[in-house]
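Each chain, letter by letter, is given below.
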Amino acid sequence: MAGVIERISTAALQRESSPIRKRYCGEVVYMYAYDVAYEMTRQPVEFLLGQKAEPYIFGPSKRSPRHVFFYKPQMVRLPEIERVGPYGPVKLERVVKVLPVGAISITVSVPFAVDRLEDLVEFHDLQLDTGSLSDEVRQLAEEVRKELEPFYIRPAPKLVDEEAYTVFCMEAPLTTSEGLPMTAENWLQAHRRQVASLLTQESDVRHLSRQEAEDNTVKYLSYYQNDMVVIDWDAALLVDEEPDFDETLYIMELANVQLAELEAYDRILDTALDRAYRDLSRHPLRNRAAVMRELKEIRIDLARFSDELSNITKFFGDWHLARIYKNIAERFHLGDWHRTIDDKLKTLDGLYEIIKHDHTTRLMLILECTIVLLFIIDLVVLLLGLKGR
């Protein structure tokens, strides 16, 4: 009897001392994209911030054709740093990717273990013991920009506001409140309002309407029974096995970079058009040739930019990831950004053609005047010759 009591007491002590697994475990991945230059030289970056740069590589986990094409930027994985987050000490994993379109992308991974989805709302605008995570990442981006400045062509004078995106990565399989496993789609149907509140940063689930909850969770995709990705414009929820997070996160990161670059070139077009209008109205004769030259350069540069930007988001061979990119592109309104830039390019082309036509008309007028003048001189010479006889 004493032995039985002793075994029971030992088991109770082991249960008390063993860590209790939270219902939701995983990591929050913060993506920050910065436009830092017009473009980069073709010379590869060997070291960055004391770390060796290497091509980004991941293995597709879903069933796909043998030959899969993905753009592979250079990247460096920085040493982990310790900070104090909302629920205690955490280790931050930081990765910097360098893209030839003149952009850098920084991702920060923060682990979590919570019992309720509402507990993750605090991770949206993450506050650490050293300040906000966005400020810390911006400081890191400035260090990267300065170190890579020799590789830049027409570097940006300063960092503009970053394009940020947050992904909540949960380890599969998901379970019920009783701890029983359930499929990802069934779990979403049972927790649609909580998921929508998490993605929209609403701490009180009751405040969100049913329509808003459905709209924010309508774009979800699933491949296996236990995986799922719910995409919103500012954040996403990813449910999968932990080793399979990378490929989906990479697609989202590239779309985020694409959005940042489209915004940057939209600003370039606005500045160029404003300057062209101003120069033509103030000094129409003196600046016409310079404006034509600048507009021509912009047209060529943007054609090259469009080709390079499209090249980093080609997905040949993995249709599931292509579907994910299509959905996040719709949330980011990348198509609308492309149309806006195309419309401004058409305006630029129209302005260029007007200036070119005006320039050609002036040359023809000068040529006609020259011909008339030569004809008059020829007549004068002829008349003087006749009088001399």
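In this report, we go over the structure that sits alongside the text. (Residues numbered from 1 in each chain as written. Predicted model: local features only at pLDDT ≥ 70, side-chain atom pairs only at ≥ 80, totals over all residues. Heavy atoms only, no water.)

1. Section: the overall build of the chain
Part 1 of the argument: Of the regular secondary structure elements, the chain holds nine helices and 17 strands.
Part 2 of the argument: A total of 389 residues make up the chain; the buried ones form 44% of that total.
Part 3 of the argument: Sequence separation of 24 or more characterises 75% of the internal contacts of the chain that already satisfy a separation of 6 or more.
Part 4 of the argument: Element-wise, carbon and sulfur atoms account for 55% of the exposed surface of the chain, whose accessible area totals about 21,700 Å². (Helix = DSSP H or I, 4+ residues; strand = E, 2+ residues; numbered from the N terminus. Buried < 20%, exposed > 50% of the residue type's maximum accessible area, 1.4 Å probe, protein only. Contact = heavy atoms within 4.5 Å. Areas by Shrake-Rupley, 256 points an atom, 1.4 Å probe, with all protein chains shown as cover.)

2. A closer look at a nonpolar patch on the surface
Part 1 of the argument: On the surface, Val372, Phe375, Ile376, Leu379, Val380, Leu382 and Leu384 cluster together into a nonpolar patch covering about 660 Å² of accessible area.
Part 2 of the argument: Tracing the sequence through the fold places leucine 382 in helix H9 (residues 334-388). (Patch = residues over 30% accessible without salt bridge, like charges linked within 9 Å, V, L, I, M, F, W, Y side chains within 5 Å. Salt bridge = Lys/Arg side-chain N within 4 Å of Asp/Glu carboxyl O.)

3. Quick notes on the packing of aromatic side chains
Part 1 of the argument: Inspection of the entire model under this criterion finds seven aromatic pairs.
Part 2 of the argument: Ring plane angle 35° and centroid distance 4.6 Å describe the contact between tyrosine 56 and tyrosine 250, whose orientation is recorded as tilted. Taken together, the residues tyrosine 56 in the loop between strand S5 (54-55) and strand S6 (74-85) and tyrosine 250 in helix H6 (residues 245-282) connect sequence positions 194 residues apart. Each member of the pair, tyrosine 56 as well as tyrosine 250, is classed as buried.
Part 3 of the argument: One aromatic cluster is present, formed by Tyr87, Phe112 and Phe123 through successive ring pairs. (Phe/Tyr/Trp six-rings, centres within 6.5 Å; stacked < 30°, edge-to-face > 60°.)

4. Thoughts on unusual backbone geometry
Trans is the common state for peptide bonds, and a negative phi is the common state for residues other than glycine.
Part 1 of the argument: Following alanine 172, the chain continues into proline 173 via a peptide bond in cis, with omega recorded as 5°.
Part 2 of the argument: At glutamine 201, a position not held by glycine, the phi torsion is positive, near 65°.
Part 3 of the argument: Relative to the elements of secondary structure, glutamine 201 occurs in the loop between helix H4 (192-200) and helix H5 (210-217).
Part 4 of the argument: The exposure class assigned to glutamine 201 is partly exposed, which follows from its relative accessible area of 40%.
Part 5 of the argument: Of note, the phi angle at histidine 333 is positive, near 60°, even though the residue is not glycine.

5. So, the sheet that holds strand S12 (residues 163-171)
Part 1 of the argument: With mixed pairing, nine strands are arranged side by side in an open sheet as S5-S6-S7-S8-S1-S12-S17-S16-S15. The open sheet is flanked by S5 and strand S15 (220-221), the only strands paired with a single partner.
Part 2 of the argument: Set on the sheet, H4 makes contact with S12, strand S16 (228-231) and strand S17 (235-240); between it and S17 the angle comes to about 130°. (Pairing = 2+ DSSP bridges. Axes fitted to C-alpha atoms, helices over the stretch in contact; angles between N-to-C directions.)

6. Comments concerning the side chain of threonine 217
Part 1 of the argument: Mapped onto the secondary structure, threonine 217 falls in helix H5.
Part 2 of the argument: Look at threonine 217 and you get buried, because its relative accessible area is 0%.
Part 3 of the argument: In this structure the side chain of threonine 217 is engaged in a polar contact, spanning 2.7 Å, whose partner is the side chain of arginine 192.
Part 4 of the argument: Every residue in contact with threonine 217, bar those within four places of it in the chain, is listed here: Arg192, Val195, Ala196 and Val230. (Polar contact = N/O pair within 3.5 Å; in protein donor to acceptor, adjacent residues only side chain to side chain.)

7. A look at helix H8 (residues 319-332)
Part 1 of the argument: An ideal rise of 1.5 Å per residue puts 20 Å on 14 residues; H8 measures up with 20 Å between its terminal C-alpha atoms.
Part 2 of the argument: Listed in full, the buried residues belonging to H8 are His320, Leu321, Ile324, Tyr325, Asn327, Ile328, Ala329, Arg331 and Phe332. (Expected span 1.5 Å × (residues − 1).)

8. Quick word on the pattern of salt bridges
Part 1 of the argument: On inspection of all chains with the given rule, the structure shows eleven salt bridges.
Part 2 of the argument: Linking arginine 138 and glutamate 162 is a salt bridge whose minimum nitrogen-to-oxygen distance equals 3.6 Å. Linking arginine 138 in helix H2 (residues 133-147) with glutamate 162 in the loop between strand S11 (152-155) and S12, this pair joins segments that are 24 residues apart in sequence.
Part 3 of the argument: The class of arginine 138 is partly exposed, set by a relative accessible area of 27%.

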